Amino acid sequence: MRRFAPVLTATLLAGCTAGHDYRRPPQAIADNPAATGAFLGAAERPYTAAPLPDHWWRLYQDPTLDRLVTEAIAHNTDLRVAAANIAHANAARDLIEDAGKPQTGIQVAPGYAQRSAEEEMVPGAPLPSALVYSAGASVSYQLDLAGQVRRAIEAADADVAATHAAYDAVKVTVVADTTRAYLDACSAGREVQVAQRSLELQQRTTALTGKLVRAGRGISLDTTRSHVQEEQVRATLPTLLGAKQVALYRLATLTGHPPVAFDHIVAACSAEPHLTRQIPIGDGAQLLRRRPDVRRAEFELHAATARIGVAEAELYPHVTLGASLGSVGLMRNAFSSDTYKFSLGPLISWEFPNRGRVRARIAGAQAEADAAFARFDGAVLAALRETETALTVYARDLDRRAALRQARDQAAQAAGDAEKLFRAGRTGFLPVLDAQRTLIGTEQTLAAADSRLAADQVQLFLALGGGWQD
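How each quantity is defined
Residues numbered from 1 in each chain as written. Predicted model: local features only at pLDDT ≥ 70, side-chain atom pairs only at ≥ 80, totals over all residues. Heavy atoms only, no water. Core = buried A, V, L, I, M, F, W, Y, C linked by side-chain atoms within 4.5 Å. Buried < 20%, exposed > 50% of the residue type's maximum accessible area, 1.4 Å probe, protein only. Helix = DSSP H or I, 4+ residues; strand = E, 2+ residues; numbered from the N terminus. Contact = heavy atoms within 4.5 Å. Phe/Tyr/Trp six-rings, centres within 6.5 Å; stacked < 30°, edge-to-face > 60°.

Some words on the nonpolar core
Core analysis: the largest hydrophobic core is formed by 64 residues, its most contacted members being Tyr 182, Phe 376 and Phe 461. Sorting the residues of this core by element identifies helix 3 (63-75), helix 5 (148-214), helix 7 (236-254), helix 9 (284-290), helix 10 (292-312), helix 11 (356-423) and helix 12 (430-464) as the ones contributing at least two each. Top contributing element to this core by residue count: helix 11, with 16 residues. Excluding residues within four positions of it along the chain, Tyr 182 makes contact with Asp 62, Thr 64, Leu 65, Leu 68, Leu 251, Val 266, Cys 269 and Pro 273. Core analysis: the second largest hydrophobic core is formed by eight residues, Ala 415, Ala 418, Val 432 and Ala 435 among them.

Written out as structure tokens, the structure is:
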């Protein structure tokens, strides 16, 4: 007993859990008042400080979009992969938890064998060959005195939580991509209609020019110029039609369908839904609680911190209580009283005094935790930057759209005035063509600006996190 006293003393001293319970580092950027307050861009006209609703796409009040998002969540392949990752993390966690429970085993080994005379210390003696067997059962239990198993389970729990956050991040992205594809298809449909109206206007102008030339009130050059302008407008249609079809293909695959099985209801869409209220954005604290990538980074930091405790537990003895019962002998004497054997007692293992490898593992775990902390801070900064950027871009594009609308209205008035002067014989046809060219250009630029605003909205909601903050 005196010989084992140092070991037993160290074992008892190891009764507390190795490592430290997780607490967010006090210097974390996530707790900086500059990160948790109001957004710099929140003062802009289109925003309100109200919290962002979980299902942000319902702000559009569009049943078709609601249906598409529901289909995407149910059938998207990226979400299926993320769900499988959760199941894998749960299985790994169960495996680690099982290490803290009693372990049992049964082994049976029949055979035909001959013992070695040298092994039996009777060299030269003829040992017979015979049918032999061995059978046994064992049970063992590791005493988690240093808390190594507890820390391993804690790390596994954090890993599971991180995979759940990763699933939420994929869900946010899938919903945003689905909404973006739907808006792109509808915006392209509207731009196609604008181009078709512009083409029809130019065709009427060409027809009118021909009549005026035949009546002696114009020259053939006017007709040629009008035809050129007509073809320029027509040339914009293939690109817009292609963009719409690409959006339909993207929407089909996002909802789990082959591209050829695109939604024909969306194919007929010619006007994207619009928000009828200010966009709720909350503040920095709500954003950091809501963003799945930020939550995932902190769970990964938690797991890395717990693994420091797993490594530190190697500094203390490992004690495993075990018992085994077996029977070994000739097959003809199977399970007779002479064949039984058993053992009962603890197994104590300890890497002592060589602690260099343990210290190296602890240093490695600490380095992993430092890296995880840096990634956590980086995720927080990225979330804040993306949100502030999206707020600024959307607000400035709204200003640009207002200026473009005013320019379009003035171009329409100028085109009408030019046509009136031409009909009255007070000007040539070239000013009419110039005015109509300007009007068509402003109409198409305004339509493109509306499409960009729709994309800006989705990017803003994506930056804000979009819900699933449990």
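Now that the structure has been shown, the text picks up again.
Considerations on the packing of aromatic side chains
Counted under the stated rule, the structure contains six aromatic pairs. Taking 6.2 Å as the distance between ring centres and 45 degrees as the angle between the ring planes, the aromatic pair formed by Tyr 47 and Tyr 394 counts as tilted. In this pair, Tyr 47 sits in strand 1 (residues 47-48) while Tyr 394 sits in helix 11, placing the two residues 347 residues apart along the sequence. As far as the burial class goes, Tyr 47 and Tyr 394 line up, both buried. Judged by centre distance (4.6 Å) and plane angle (15 degrees), the rings of Trp 56 and Phe 461 are stacked. Taken together, the residues span a long stretch of sequence, with Trp 56 in the loop between strand 1 and helix 3 and Phe 461 in helix 12 at a distance of 405 residues. The exposure class assigned to Trp 56 is buried, which follows from its relative accessible area of 0%. Members of the aromatic cluster, connected to one another through ring pairs, are Trp 56, Trp 57, Tyr 60 and Phe 461.

Read these as layout, nothing more, since geometry by itself doesn't imply function.
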